[in-house]
Amino acid sequence: MQSSQGSTLPARPTAPAVQAHELTKTYPGDVTALSGMSLTVEAGTVFGLLGPNGAGKSTTVKILTTLARPDSGTAVVAGHDALSHPDRVRRAIGVVSQKSGADPMATGRENLQLQGRLYGLRGAELNRRVDELLERFDLAGAGKRQVKGYSGGMQRRLDVALGLVHRPEVLFLDEPTTGLDPEARTAMWDEIARLAGDEGLTILLTTHYLEEADRLAERIAIVDRGRVVVEGTPDALKGELRGDAVHLELRAPTQDTGPLEAALAGLPGVHEVLIDGRRISVRAEDGASAVPALLATLERAGAAVAAATVARPSLDDVYLRYAGRRFSEAEAAHDAPHAEFATAGGAR
Ligand SMILES: Nc1ncnc2c1ncn2[C@@H]1O[C@H](COP(=O)(O)OP(=O)(O)OP(=O)(O)O)[C@@H](O)[C@H]1O
């Protein structure tokens, strides 16, 4: 962009806070973690990277936060190239990783003070910031207690506070509510929503909870097998799916899916038939009125139905449409080798 003086000015207020382009990463053992991951996060927004375990979310975050290098591709964070200027990126970001970085033997206050010192805060300024964060994260009463005595929710809130000590421009939250009970999860959601409203902080969060992404993120990128399969606002993604989602469960898996699929797809107002063993998903313009015809067609084909549900499209349906499999299936498919890797491979 040319200014009136003729020099080139960076378009600061509108520059994206995070831009990743075509990142690839293969781990030893030929495990492809990223296969062309691209995403753009606008400044001052909450962006959700949503995908099942093993989709490549953590690897993306590790690259964007300079903890790993991609095999190829580019990453710019807070205006700095993450590959050539990792030090600048580190100063501009806060990171809350899946595993807590807090020292369990130290108090919450001591943890925050140490973190502040690492970022050059001292004296009254440091104390003010620590008090402010303890207050803000509802830890003021627990500030003098050792972290090992904190509940899961308190520890997670401290983790987020630690990531914010130096007032970063961009905050990365890797699975912020994994392992929390429902009450602590809701409290954390409120906290994140509040943070997003303050000081124009940009938040990139990864999650495998559909509801979390739906609730917190202004934009969502659905990740499957190391790349983004679709991206948009939660409402736009759900709105793209016409009509209702009808899920049918058969008493026994069907073998001959081809003709059955064709018969179901031929019914008026029925689209996008997907048969997977005992489970059949279809999109229907009016779910409730399509069910009798669906049941009759299945009965004629000799497929006994155990259950039928009609629902408004959810992000799970969006995932099914774009990734071609259910979220829970993708998780299950990854979990067996993943568990093996977790014990055999050590730290990730
Ligand atoms: N250090 C490593 N060495 C080998 N393979 C790895 C390593 N880290 C991740 N992987 C593999 O790379 C793929 C992507 O993993 P990644 O952790 O980025 O996914 P994820 O979507 O964040 O999942 P999770 O929520 O389980 O962390 C997976 O198949 C994973 O098993």
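Note that the coordinates shown come from a computational prediction; the quantities given were computed from them, not determined experimentally.

Novice: Any chance you could explain the pattern of salt bridges here in plain terms?
Specialist: Note that side chains of opposite charge can pair when their charged atoms are close. For the coordinates displayed, the defined rule picks out 15 salt bridges. When the shortest N-O distance is used, the salt bridge between Lys-57 and Glu-175 registers 3.7 Å. Taken together, the residues span a long stretch of sequence, with Lys-57 in helix α1 (residues 57–64) and Glu-175 in the loop between β7 (170–174) and α6 (182–197) at a distance of 118 residues. Residue Lys-57 is classed as buried on the basis of its relative accessible area, which comes to 4%. With a shortest N-O distance of 2.7 Å, Arg-109 and Asp-131 are connected by a salt bridge. With a gap of 22 residues between them, Arg-109 in helix α3 (residues 108–118) and Asp-131 in helix α4 (residues 123–136) connect regions that are remote in the sequence. Assessed through its relative accessible area of 24%, Arg-109 is described here as partly exposed. What makes Asp-131 partly exposed here is its relative accessible area of 38%. Linked by salt bridges that have partners in common, Glu-272, Arg-283, Asp-317 and Arg-321 make up one network.

Novice: Explain the domain arrangement of the protein to me, please; I cannot follow it from the model alone.
Specialist: For the protein, the assigned domains are domain 1 (12–237) and domain 2 (242–312). Each of domain 1 and domain 2 has a C-alpha centre, and the two are 41 Å apart.

Novice: I'm lost on a nonpolar patch on the surface in this one. Help?
Specialist: A cluster of nonpolar side chains, namely Leu-114, Leu-118 and Tyr-119, defines an oily patch on the protein surface of about 320 Å² accessible area. Positionally, Leu-118 belongs in helix α3. On the basis of relative accessibility, which here comes to 63%, the residue Leu-118 falls in the exposed class.

Novice: I'm lost on the confidence of the model for the protein in this one. Help?
Specialist: In low-pLDDT regions, the fine details of the predicted coordinates are not to be read closely. Across the protein, the average pLDDT comes to 87, with 92% of residues at or above 70. Below a pLDDT of 50 lies the segment residues 1–7, which in the model reaches seven contacts outside its immediate sequence neighbourhood of four places, other chains included. Residue range residues 337–348 is modelled with pLDDT below 50. Its contacts to residues more than four positions away, or to other chains, number five contacts.

Novice: How do you make sense of the sheet that holds strand β10 (residues 227–232) when you look at a structure like this?
Specialist: Each strand in a sheet pairs with another by means of backbone hydrogen bonds, the pair being arranged parallel or else antiparallel. Sheet architecture is open: six strands sit in the order β6-β7-β8-β3-β9-β10, paired in mixed fashion. Since the sheet does not close on itself, it has two edges, and those belong to β6 (93–96) and β10, each with one partner. Averaged over all adjacent pairs, the angle separating strand axes in this sheet is 15 degrees, with direction ignored. By the bridge criterion, four bridges tie strand β3 (residues 46–50) to strand β9 (residues 219–224) in an arrangement that is parallel.

Novice: Could you clarify how one ought to interpret the sheet that holds strand β5 (residues 80–81) in this entry?
Specialist: Ordered by their spatial adjacency, four strands build an open sheet running β2-β1-β4-β5, and the pairing between neighbours is antiparallel. Of all strands in the sheet, those with a lone pairing partner are β2 (31–41) and β5, marking the two edges. Taken together, the five bridges between strand β1 (residues 18–27) and strand β4 (residues 72–77) define a ladder with antiparallel strand orientation. Its bridge partner lying in β4, Val-18 is registered against Val-77.

Novice: Any chance you could explain helix α10 (residues 287–300) here in plain terms?
Specialist: Each turn of an α-helix holds 3.6 residues, which means side chains three or four residues apart point in the same direction. In this model, α10 (14 residues) spans 20 Å end to end at C-alpha, consistent with the 20 Å of a helix rising 1.5 Å per residue. Looking only at α10, the buried set comprises Gly-287, Ala-290, Val-291, Leu-294, Thr-297 and Leu-298. Measuring from the backbone nitrogen of Ala-288 back to the side-chain oxygen at the start of α10 gives 3.3 Å, which picks out Asp-286 as the cap. Gly-302 sits one or two residues past α10 and shows a positive phi near 80 degrees.

Novice: Which parts of the structure should I look at to understand the pairing of β1?
Specialist: On a regular strand, one side chain projects to one face of the sheet and the next to the other, so that they alternate. The pairing of β1 with β2 spans eight bridges and is antiparallel. Along β2, the bridge assignment pairs Thr-26 with Thr-32. Connecting β1 to the antiparallel partner β2 that follows it, the hairpin turn spans three residues, and Gly-29 within it adopts a positive phi of roughly 95 degrees.

Novice: So what exactly am I meant to see when it comes to the packing of aromatic side chains here?
Specialist: Geometrically, a pair of aromatic rings is defined through the distance of the ring centres and the angle of the planes. The full count for this structure, using the stated rule, is zero aromatic pairs. The aromatic ring of Tyr-209 is capped on one face by Arg-185, whose charged end is 4.0 Å from the ring centroid.

Novice: Even after reading the chapter, I still don't get the packing of α3 against α4, so can you show me in this structure?
Specialist: For any two helices packed against each other, one specifies the crossing angle of their axes together with the interaxial distance. Look at α3 against α4: their axes get within 10 Å of each other, and the N-to-C directions meet at 135 degrees. In terms of their interaxial angle, α3 and α4 are classed as oblique. Of the two elements, α3 crosses α4, and the hand of that crossing is right-handed. Contacts between α3 and α4 involve Arg-109, Leu-112, Gln-113, Gly-116 and Arg-117 on the former and, on the latter, Leu-126, Asn-127, Val-130, Asp-131, Leu-133 and Leu-134.

What counts and how
- Residues numbered from 1 in each chain as written.
- Predicted model: local features only at pLDDT ≥ 70, side-chain atom pairs only at ≥ 80, totals over all residues.
- Heavy atoms only, no water.
- Salt bridge = Lys/Arg side-chain N within 4 Å of Asp/Glu carboxyl O.
- Helix = DSSP H or I, 4+ residues; strand = E, 2+ residues; numbered from the N terminus.
- Buried < 20%, exposed > 50% of the residue type's maximum accessible area, 1.4 Å probe, protein only.
- Domains from an automatic or database assignment.
- Patch = residues over 30% accessible without salt bridge, like charges linked within 9 Å, V, L, I, M, F, W, Y side chains within 5 Å.
- Areas by Shrake-Rupley, 256 points an atom, 1.4 Å probe, with all protein chains shown as cover.
- pLDDT = per-residue confidence, 0-100.
- Contact = heavy atoms within 4.5 Å.
- Pairing = 2+ DSSP bridges.
- Axes fitted to C-alpha atoms, helices over the stretch in contact; angles between N-to-C directions.
- Expected span 1.5 Å × (residues − 1).
- Polar contact = N/O pair within 3.5 Å; in protein donor to acceptor, adjacent residues only side chain to side chain.
- Phe/Tyr/Trp six-rings, centres within 6.5 Å; stacked < 30°, edge-to-face > 60°.
- Lys NZ or Arg CZ within 6 Å of the ring centre and 35° of its normal.
- Parallel < 35°, antiparallel > 145°, perpendicular 65-115°, else oblique.
- Left-handed = near helix turned anticlockwise from the far one by under 90°.

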